[in-house]
Amino acid sequence: MRAPRTNAVEIFMPYIVHHSFTSRAVAIILIAVLYGVVAKLSFLFTIPPGNISPVFPAAGIALAAVLILGRPALIGVWLGSFVANGISFFDHTMMSTGTIVSGLLVSSCIGVGATLSAGVGAQLVQRFSPHGDPLDSGWHVVSFIVLGALVGCLISPTVGVLSLAAGGYVSWENFGYSWLTWWLGDASGVIFAAPLILAWSLQPHFRSTPLRVLEATALAGSVLAMSAIVFGRNVPLEYMMIPLLLWSAFRFGTRGAATSAAVISLCAVIGTSQGTSPFFKASVNESLLYVQAFLSIVTTTALMLAGVLCERYRAEQSQREFQAATQAKSAFLANMSHELRTPLTAIIGMTEMLLEDARDLKRDDEVESLERVLRASGHLLALVNDILDLSKIEAGKMELDLETFPVMAQIEDVANTLQPLAAKGGNEIVVNCTGDIGTMHADERRVRQALLNLGSNAVKFTEHGTITIAVERRSSDGGDWIVIHVGDTGVGMTPGERAKLFTEFTQAESSMARKFGGTGLGLAISRHFCRMMGGDITVESAPGRGSTFSIQLPATVTVEPAASAAAS
Amino acid sequence: MTRILYVEDNEDNIYVVKNRFTRAGFTVLVATDGEQGVAMAAAEKPDLILMDLRLPVVDGWEATRRIKAQPETRHIPVIALTAHAMTGDREKALAAGCDDFDTKPVEMPRLLEKVRALLPKKDAS
């Protein structure tokens, strides 16, 4: 059977989805033939009490086939097992109607056991790695070995040895030993054969370059040479398999580890059966148990390494993809806001011209319409600018432009800017300052932006009240701080509203956005800037009692906090 | 009359700025790419140049560098018009030799103030 090349997402798609009845039937027959031939070869190594083989890679073929092709593969497994076992019975049994019937019965029961093992094993493995490749992480490999090999393979020997004992082919006192031999043979067979098939039916994670082909050749040569020396010449260097398997896993992933393990295992089985292996004990078949156990452990280790490596590779890959996506996003936003601003600029400019004309000609109805156009386009422009600011902050590309400036001049300027808006709502603006505030070293434009944002919020949410801007310079052991409180006597906020305040695009109520205007981004952006400068914005408020926002900034901003704030 | 060279490729922007500066009493000449801007600066000797930065053929920064490198155009003040919040654009503009910058969209009173500040006193009235 040739395993179809599929990607990790597709491998567990039922075969039915892609293929016609004929190709499914062909696949089932191929599985049956492969299973049967490999099982028949394994019977060459059967251990006398009960004639059970301690080497049974067919179990791995069955599990991999079910994992890749889905449930229809189970039919092939049963057929293969039934035929291979059935033939064995007729090899060394006198042909009579009774023996034919009991042979057929026992064979079909053994087939059911093998089928159940593969089915249940596949089900368990899929439960723990539901998204595809069961060998693609350390944890998945562990669950594959434990569930697919150790647990799944409990069924086949139980059903099989029971059937053999019931048919009189195994004595009941040998039940335990036969069961153990069968289980070890199946489990190690799964560990060697299933990863080999699975790894080669999945896309490799490594690109092949001439250098890698050379390395793969060197690795293959080393594996073959060392296997020949150890298992063919009976040189006790079996531990040399460990570095070779690690090399395979580290450099060629699951595919490399699985392939080397399968090659070593094959050589070990042949060598041990010829009596030319360091594992050779009293009998060939007993020796096979020890060699299988040794290789199972080493292979499991190598597969786990490959799985962990694969996991790390994927994490790096997604990290790279994430970075590329972030870059693409901020480039898109920067371009888009540039493209949006150009026509907006034209709209605003021409509206202003028309407005001047309308005023000169005393066309009052047109003046109002044009003022509304201007206000709406101004709002749109503010949104575009805020989105650009926010995307640059997110991308960590916002830079601070630090300079030294007098604090009070800036505050007076903001108060003056807010004056006309405040007067419209019947509000009064009061500026309080205690002592000499002096200068600060910060990004003047951003401080002004934050201040203007807090001030215009205060004005927007207050009617016939007072907006107080209080400024103080505080000395602490960490240096001087400039603290600016912007208080109002407006609507105030509940604790719940306060909690959502600094999130992008949330105003306490969406109806407020319609009533009071604003992009809903200003506060979030202002806080980002203050944090970049090593400070913060905090708020105290209660419904009906107004709100007080406080900007705290170091009097001398240094660049270091900016970099860390932008990165977080 | 004070003559301003406006280097800009966007037709709508040209229409608005030309119109508004004409109303404010200036003569506005227009170049639609950086190369043309450099050529017109040398040929027309305007009193001031308004330079957009993102321009075809030769961008605004390079055009400004060329204008400031030629002895006969070196003295002409250049105001760069940058898109808002494009960090780096401003610094690059000043490094290229621009005398001042303003952000788009143009706010006429603010820009007029900057233009008047850079014009020789006799023309400012």
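Definitions and cut-offs
Residues numbered from 1 in each chain as written. Chains lettered and ligands numbered in written order. Predicted model: local features only at pLDDT ≥ 70, side-chain atom pairs only at ≥ 80, totals over all residues. Heavy atoms only, no water. Helix = DSSP H or I, 4+ residues; strand = E, 2+ residues; numbered from the N terminus. Buried < 20%, exposed > 50% of the residue type's maximum accessible area, 1.4 Å probe, protein only. Contact = heavy atoms within 4.5 Å. Areas by Shrake-Rupley, 256 points an atom, 1.4 Å probe, with all protein chains shown as cover. Expected span 1.5 Å × (residues − 1). Buried area = accessible area lost by both parts, 1.4 Å probe. Salt bridge = Lys/Arg side-chain N within 4 Å of Asp/Glu carboxyl O. Polar contact = N/O pair within 3.5 Å; in protein donor to acceptor, adjacent residues only side chain to side chain. Phe/Tyr/Trp six-rings, centres within 6.5 Å; stacked < 30°, edge-to-face > 60°. Pairing = 2+ DSSP bridges. Axes fitted to C-alpha atoms, helices over the stretch in contact; angles between N-to-C directions. Patch = residues over 30% accessible without salt bridge, like charges linked within 9 Å, V, L, I, M, F, W, Y side chains within 5 Å. Core = buried A, V, L, I, M, F, W, Y, C linked by side-chain atoms within 4.5 Å. pLDDT = per-residue confidence, 0-100.

Q: Describe the overall build of chain B, listing the residues and the values that go with them.
A: Helix and strand counts for chain B stand at 6 helices and 5 strands. Each helix (α) and strand (β) of chain B, taken in turn from the N terminus, gives the series β-α-β-α-β-α-β-α-β-α-α. Burial status across chain B gives 51% buried among its 125 residues. Put simply, 62% of the contacts in chain B that link residues at least 6 apart link residues at least 24 apart.

Q: Got a sec to walk through the overall build of chain A? Specific residues and values, please.
A: Helices and strands together make up the secondary structure of chain A, namely 18 helices and 7 strands. Of the contacts made within chain A by residues no fewer than 6 positions apart, 74% connect residues no fewer than 24 positions apart. As presented, chain A carries roughly 27100 Å² of accessible surface, and 64% of it is formed by carbon and sulfur atoms.

Q: Now, about helix H9 (residues 210-232) of chain A: what can you tell me, with residues and values included?
A: Helix length check: H9 of chain A (23 residues) gives 32 Å between terminal C-alpha atoms against 33 Å at 1.5 Å per residue, within 8%. Asn-234 of chain A lies just past H9 of chain A and shows a positive phi near 60°.

Q: Before we move on, can you summarise the interface of chain A and chain B with the specific residues and values?
A: Interfaces are frequently sized by the accessible area removed from exposure as the parts join. Listed per partner, the contact involves 21 residues of chain A and 19 residues of chain B. Summed over both partners, the interface of chain A with chain B buries about 1900 Å², with 55% contributed by carbon and sulfur atoms. Put simply, chain A and chain B have 4 salt bridges between them. The partner of Glu-356 of chain A in a salt bridge is Arg-20 of chain B, with the nearest N and O atoms 2.8 Å apart. Between chain A and chain B we count 5 residue pairs in polar contact (both at pLDDT 80 or more) in total. Where the side of chain A that touches chain B is concerned, the elements lending two or more residues are helix H11 (284-360) and helix H12 (364-394) of chain A. A total of 13 residues in the side of chain A that touches chain B trace back to one element, the largest contributor, which is H11 of chain A.

Q: Residue-level account of the packing of aromatic side chains, with values.
A: All names here are of chain A. Taken as a whole, this structure holds 7 aromatic pairs over all chains when the rule is applied. Relative to Phe-82, the ring of Trp-78 lies with its centre 4.9 Å away and its plane at 5°, an arrangement referred to as stacked. Linking Trp-78 with Phe-82, this pair stays in helix H4 (residues 73-91), spanning 4 residues, or about one helical turn. By relative accessible area, Trp-78 is classed as partly exposed at 28%. Ring plane angle 70° and centroid distance 6.4 Å describe the contact between Phe-128 and Trp-139, whose orientation is recorded as edge-to-face.

Q: How would you summarise unusual backbone geometry if you had to cite specific residues and measurements?
A: Residue Lys-362 of chain A is not a glycine yet carries a positive backbone phi of 55°. Structurally, the position occupied by Lys-362 of chain A is in the loop between H11 and H12. One non-glycine residue, Val-57 of chain B, lies in the positive phi region at around 65°. Note on placement: Val-57 of chain B falls in the loop between strand S3 (48-52) and helix H3 (60-69). Val-57 of chain B gets classed as exposed once you look at its relative accessible area, which sits at 62%.

Q: Outline the pairing of strand S7 (residues 547-554) of chain A, listing residues and values.
A: Residue and element names in this part refer to chain A. Along S7, 7 of the 8 residues are buried, which leaves the element largely enclosed by surrounding structure. Sheet topology places strand S5 (residues 479-487) next to S7; 7 bridges connect them, and they run antiparallel. By the bridge assignment, Val-486 is partnered in S7 with Phe-549. Bridge count between strand S6 (residues 536-541) and S7: 6 bridges; the pairing is antiparallel. By the bridge assignment, Ile-537 is partnered in S7 with Ile-551. From the end of S6 to the start of S7, which pair antiparallel, there are 5 residues, and Gly-544 there has a positive phi angle of about 80°.

Q: Describe the sheet that holds strand S2 (residues 428-433) of chain A, listing the residues and the values that go with them.
A: To summarise the sheet geometry, strands pair through backbone hydrogen bonds and adopt either a parallel or an antiparallel arrangement. Residue and element names in this part refer to chain A. Pairing is mixed in the open sheet, where 5 strands are placed in the order S2-S4-S5-S7-S6. Of all strands in the sheet, those with a lone pairing partner are S2 and S6, marking the two edges. Here the strands of the sheet are splayed against their neighbours by 15° on average, with no regard to which way each runs. Judged from the 6 bridges that link them, S2 and strand S4 (residues 466-476) form a sheet pairing that is parallel. Within the sheet, the bridge partner assigned to Ile-429 lies in S4 and is Ile-467. Strand contacts of helix H13 (residues 407-424): S2, S4 and S5, with the helix running at about 170° to S2, the strand carrying the most contacts. Here helix H17 (residues 522-532) sits on the sheet and contacts S6 and S7; the angle it forms with S6, its principal contact strand, is near 130°.

Q: Can you break down a nonpolar patch on the surface residue by residue, with the values?
A: A cluster of nonpolar residues, Ile-29, Val-33, Val-37, Leu-41 and Leu-44 of chain A, forms a patch on the protein surface that exposes about 490 Å² of accessible area. With respect to the helices and strands, the residue Leu-44 of chain A is situated in the loop between helix H2 (21-42) and helix H3 (58-69).

Q: If you had to explain the side chain of Thr-345 of chain A to someone new, which residues and values would you point to?
A: As for its position among the elements, Thr-345 of chain A is in helix H11. Overall, Thr-345 of chain A belongs to the buried group, its relative accessible area being 9%. With near-sequence residues (within four places) excluded, Thr-345 of chain A lies in contact with Asn-13, Pro-105 and Val-106 of chain B.

Q: Describe the side chain of Glu-215 of chain A, naming the residues involved and giving the relevant values.
A: Residue and element names in this part refer to chain A. With respect to the element layout, Glu-215 can be found in helix H9. With a relative accessible area of 16%, Glu-215 lands in the buried category. Not counting the four nearest positions on each side in its chain, Glu-215 is found in contact with Trp-247, Arg-251 and Phe-252.

Q: So, the nonpolar core: which residues are in play, and what are the values?
A: Judged by nonpolar contacts, the single largest core of 67 residues is most densely connected at Tyr-35, Phe-144, Val-190 and Phe-231 of chain A. One finds Phe-405, Ala-422, Val-471 and Met-532 of chain A within the second-largest nonpolar core, a separate group that totals 45 residues.

Q: Quick one: what's the story with the confidence of the model for chain B, residue by residue and with numbers?
A: Put simply, chain B has an average pLDDT of 86, and 91% of its residues get 70 or more. Across the interfaces of the predicted complex, the ipTM metric reaches 0.75, alongside a pTM of 0.58.

Q: Describe helix H14 (residues 444-460) of chain A, with residues and values.
A: Residue and element names in this part refer to chain A. For H14, with 17 residues, the first-to-last C-alpha span of 24 Å sits near the 24 Å given by 1.5 Å per residue. Turning to H14, its buried residues are Arg-446, Val-447, Ala-450, Leu-451, Asn-453, Leu-454, Gly-455, Ser-456, Asn-457, Ala-458 and Val-459. You can read the cap of H14 off the contacts: a side-chain oxygen lies 3.2 Å from the backbone nitrogen of Arg-445, and it is on Asp-443.

Q: Explain the pattern of salt bridges residue by residue, including any values.
A: Inspection of the entire model under this criterion finds 21 salt bridges over all chains. A salt bridge links Arg-527 of chain A to Asp-536 of chain A, with the nearest nitrogen and oxygen atoms 3.4 Å apart. Note that Arg-110 of chain B is salt-bridged to Glu-107 of chain B, the shortest N-O span being 3.6 Å. Residue Arg-110 of chain B is classed as partly exposed on the basis of its relative accessible area, which comes to 29%. Overlapping salt bridges bring together Glu-352, Glu-356 and Asp-357 of chain A together with Arg-20 and Arg-23 of chain B as one network.

Q: So what about the environment of Leu-370 of chain A? Which residues, and what values?
A: All names here are of chain A. Along the chain, the position of Leu-370 falls in helix H12. Exposure remark for Leu-370: the relative accessible area of 15% places this residue in the buried category. Considering only alpha carbons, one finds Leu-370 and Ile-348, 22 residues apart in sequence, at a separation of 10.0 Å. Setting aside anything within four residues of it in sequence, one finds Leu-370 in contact with Thr-351, Leu-354, Leu-355 and Ala-358.

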